[in-house]
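# Observations on the model geometry
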Amino acid sequence: MSQLQPLRGMVDLLPEQTHRWQAVEAVARALFQRSGVEEIRTPLLELTDLFARGIGQATDVVGKEMYSFLDRGDRSCTLRPEGTASVVRAAIQHGLLSQGAQKLWYSGPMFRYERPQAGRQRQFHQIGVEFLGVTSARSDVEVIALAWDFLGELGVSGLELQINSLGTLEDRQRYRHQLVNWLGARVDQLDADSQQRLSTNPMRILDSKNLKTQDLLSDAPTLQEALSEESSERFEAVQLLLNKLSIPFQLNPRLVRGLDYYCHTAFEITSDQLGAQSTVCGGGRYDGLVQQLGGPPTPAVGWALGMERLMLVLGAAALADADGIAARLTSYIAPDLYLVNRGKQAETFALRLARELRAAGVSVELDTSGAAFVKQFKRADRSGAAWAAVIGEEEVESGQMSLKPLLSQAKEHRVALNDLAAVLVILQAAI
Ligand code: ATP
Ligand code: MG
């Protein structure tokens with residue numbers, strides 16, 4: 001029979017990777033907890049209409065990238081391509097918005113039918129933050145600081161925060177008009193993709209990866225010039241606060257973000273380690289979305305960070321600094337004790353002992369192979385455990401087992417088989 005393959009762009013995470021992911025997720029979870037940001041979990045599958053309305057028909061995500069299908073009840077469903085629309089739907093549905101500002105985070109898989117390449121998959125994972133019901137420039141900066149501090153705590157460097165202001169809906173409409181006029185007069189100089197976007201989503205042309213288009217755009221009118229005085233002042237307040245927090249940033253007038261619902265502050269955090277897929281984290285303010293999805297007018301700001309890209313950046317940081325935080329987070333965590341055991345009674349005893357030690361907080365790898373002691377010892381060495389406990393028929397008879405140090409020159413101990421406390425004292429002295 002032919003071997004089964006995963007679908008293109010769908011990636012397995014093997015144990016070597018999952019322990020790194022868990023370490024990184026633990027850092028995020030702890031930071032959110034310290035910051036009063038609470039977790040929300042929403043379904044992976046939603047009505048297609050949620051994303052069509054929440055993200056916008058003209059975006060690449062909705063237009064080209066969604067995994068949509070009819071379920072058995074003929075409803076059009078979509079595997080979520082991002083988290084914001086679902087979080088907002090849930091907040092509206094459960095009346096969270098009448099309970100004051102909501103500071104929420106989520107994590108999990110997202111699905112987009114894109115061309116897979118380094119840092120771009122069809123199932124990928126995001127950690128995201130959404131603050132709903134907050135309006136001040138200060139809340140934009142608190143949200144940005146959360147992302148910045150998360151990455152800082154992981155010990156990655158070479159990051160750049162880029163910010164822009166998209167202004168209000170009116171500012172954008174005014175600008176859109178100017179841009180379409182300007183580009184319309186130069187339509188023959190645009191690439192095919194951009195020509196199409198001119199009528200569907202002209203602001204996204206600013207985001208074009210085509211170098212010729214980028215060159216042309218350097219003379220185009222900028223959104224900054226089209227901002228109302230109020231919007232400009234708001235943007236200045238954001239910059240002032242970032243300065244106060246010593247968070248360095250670059251102004252990027254071309255940063256428009258892919259999704260339709262953004263306004264005012266938009267930002268991205270990029271890494272110099274990622275080549276073409278350089279954006280690790282992107283976000284901004286989306287004051288119109290809640291209402292667009294049928295909720296009360298509610299200002300909001302948030303971000304989403306790509307876990308796969310973050311892991312690539314973290315891997316590079318770990319390589320560059322073997323003693324650094326990133327290296328520690330990505331290092332293999334060895335068990336405290338490797339339990340070598342052989343013989344009928346010994347094996348039963350070892351199974352029980354492993355369970356008791358684990359309940360007492362010791363991480364134990366139990367050898368269940370029944371192989372010769374020499375083989376088990378080889379595996380014990382490879383496991384990286386600091387200690388091996390040895391239980392054979394002889395030990396069961398004498399009621400004593402030995403604890404052998406595997407990494408240090410500490411002396412070997414003999415302890416009574418049933419003396420869990422003595423085992424713990426020896427191990428804990430070493431841990
Ligand atoms: P890009 O321009 O790279 O396609 P995007 O603007 O579509 O990014 P967002 O929708 O803002 O991305 O998602 C936030 C983050 O999620 C991105 O910055 C990236 O780190 C990650 N991400 C988005 N799409 C993918 C994907 N297909 N594979 C892996 N990570 C992704
Ligand atoms: Mg994309």
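Definitions and cut-offs
- Residues numbered from 1 in each chain as written.
- Chains lettered and ligands numbered in written order.
- Predicted model: local features only at pLDDT ≥ 70, side-chain atom pairs only at ≥ 80, totals over all residues.
- Heavy atoms only, no water.
- Helix = DSSP H or I, 4+ residues; strand = E, 2+ residues; numbered from the N terminus.
- Buried < 20%, exposed > 50% of the residue type's maximum accessible area, 1.4 Å probe, protein only.
- Domains from an automatic or database assignment.
- Pairing = 2+ DSSP bridges.
- Axes fitted to C-alpha atoms, helices over the stretch in contact; angles between N-to-C directions.
- Contact = heavy atoms within 4.5 Å.
- Salt bridge = Lys/Arg side-chain N within 4 Å of Asp/Glu carboxyl O.
- Polar contact = N/O pair within 3.5 Å; in protein donor to acceptor, adjacent residues only side chain to side chain.
- Core = buried A, V, L, I, M, F, W, Y, C linked by side-chain atoms within 4.5 Å.
- Near = heavy atom within 4 Å.
- Nonpolar A, V, L, I, M, F, W, Y, C, P; charged D, E, K, R; others polar.
- Right-handed = clockwise from strand over helix to strand, strands pointing away.
- Phe/Tyr/Trp six-rings, centres within 6.5 Å; stacked < 30°, edge-to-face > 60°.
- Lys NZ or Arg CZ within 6 Å of the ring centre and 35° of its normal.

### Some details on the overall build of the protein
- Assigned secondary structure in the protein consists of 17 helices and 16 strands.
- Taken over the C-alpha atoms alone, the protein extends approximately 90 × 55 × 45 Å along its principal axes.
- For the protein, buried positions account for 50% of its 431 residues.

### Some details on the domain arrangement of the protein
- By the assigned domains, the protein splits into domain 1 (15-168 + 228-328) and domain 2 (337-430).
- Here domain 1 and domain 2 have C-alpha centroids that lie 46 Å from each other.

### Notes on the sheet that holds strand β12 (residues 337-341)
- Strand order in the open sheet formed by five strands is β13-β12-β14-β15-β16, and the pairing between neighbours is mixed. Strands with a single pairing partner mark the edges of an open sheet, and in this sheet they are β13 (364-366) and β16 (413-416). Averaged over neighbouring strand pairs, the angle between their axes works out to 25 degrees when direction is ignored.
- Bridge count for strand β15 (residues 400-405) against β16 is four bridges, and the pairing is antiparallel. Within the sheet, the bridge partner assigned to S402 lies in β16 and is R414.
- Packed onto the sheet, helix α14 (residues 344-359) meets β12, β13, β14 (387-391) and β15 and runs at close to 160 degrees relative to β13.

### Examining the sheet that holds strand β2 (residues 45-47)
- Read from one edge to the other, the open sheet built from three strands follows the order β2-β4-β3, with strand pairing classed as antiparallel. Strands at the two margins of the open sheet, each flanked by one partner only, are β2 and β3 (67-70). Neighbour-to-neighbour, the strand axes of this sheet turn through a mean angle of 35 degrees, independent of strand direction.

### Side note on the pattern of salt bridges
- Summed over all chains, the structure comprises 17 salt bridges.
- Two residues, R75 and D71, come together in a salt bridge whose shortest N-O distance is 3.2 Å.
- Overall, R75 belongs to the partly exposed group, its relative accessible area being 46%.
- For E356, the salt bridge goes to R352, with nearest N and O atoms at 3.7 Å. Of the two residues, E356 and R352 are both situated in helix α14; the distance of four residues between them amounts to about one turn of the helix.

### Points about the environment of W303
- One can find W303 in strand β11 (residues 300-306).
- Residues W303 and G83 lie 220 residues apart in sequence; the distance between their C-alpha atoms is 9.7 Å.
- Polar side-chain contacts of W303 include one of 2.8 Å to the backbone oxygen of V143.

### As for the nonpolar core
- Formed by 51 residues in total, the largest nonpolar core has its most connected members in F150, L161, L242, I269, W303 and L310.
- Top contributing element to this core by residue count: helix α5 (residues 137-153), with ten residues.
- Grouped together as the second largest cluster of nonpolar side chains are 46 residues, V62, A90, L183 and L223 included.

### Regarding the site of ligand 1
- Among the 14 residues in the neighbourhood of ligand 1, the closest are listed as R112, E114, R120, Q121 and R257.
- In this structure, R112 approaches ligand 1 through a side-chain N or O atom, which is 2.8 Å from an oxygen atom.
- Contacts to ligand 1 include R120, whose side-chain N or O atom sits 2.8 Å from an oxygen atom.
- At the level of secondary structure, the elements contributing two or more residues to the shell around ligand 1 comprise β6 (123-132), β10 (279-285) and β11.
- Here the shell around ligand 1 gets three residues from one element, more than from any other, and that element is β10.
- Classifying every residue of the shell around ligand 1 gives four nonpolar, five polar and five charged.

### Description of the environment of G288
- Within the secondary structure, G288 sits in the loop between β10 and α11 (289-292).
- For G288, a relative accessible area of 36% corresponds to the partly exposed category.
- The sequence separation of G288 and P253 amounts to 35 residues, and the corresponding C-alpha distance is 21 Å.

### Remarks on the pairing of β12
- In terms of residue burial, β12 counts as a mostly covered element, since five of its five residues are buried.
- Taking every second residue as pointing to the same face, both faces of β12 are buried, with L337, L339 and N341 on one and Y338 and V340 on the other.
- In this region the chain leaves β12, passes through α14 and returns to the parallel neighbour β13; the handedness of that crossover is right-handed.
- Inspection of the sheet shows β12 paired to β14 by five bridges, in the parallel sense. Directly across from Y338, in β14, lies its bridge partner A388.

### As for the environment of V238
- Here V238 is to be found in helix α10 (residues 229-244).
- Since its relative accessible area comes to 0%, V238 is described here as buried.
- When the C-alpha atoms of V238 and D74 are compared, they prove to be 47 Å apart, with 164 residues separating the residues in sequence.
- Residue contacts for V238: discarding those within four places in its chain leaves A137, D140, V141 and T265.

### Describing helix α2 (residues 48-55)
- Counted residue by residue, α2 has six buried out of eight residues, so it is predominantly covered.
- Those residues of α2 lying buried are T48, L50, F51, A52, G54 and I55.
- The inward-facing, buried residues of α2 contact β2, α3 (60-64), β3, β4 (76-79), α4 (84-93) and α11.
- In the segment just after α2, G56 is the residue with positive phi, at about 110 degrees.

### Details of the packing of aromatic side chains
- This model, assessed by the stated rule, comprises four aromatic pairs.
- Residues Y67 and Y113 carry aromatic rings whose centres are separated by 5.6 Å and whose planes lie at 70 degrees to one another, so their mutual orientation is edge-to-face. Residue Y67 is located in strand β3, and its partner Y113 is located in the loop between β5 (102-111) and β6; the two are separated by 46 residues in the primary sequence.
- By relative accessible area, which is 18% here, Y67 ends up buried.
- Taking relative accessible area as the criterion, Y113 reaches 45% and is therefore assigned partly exposed.
- Feature note: the residues F32, W105 and W303 constitute an aromatic cluster, connected by ring pairs.
- Over the face of the ring belonging to Y113 we find R122, whose NZ or CZ atom lies 3.8 Å from the ring centre.

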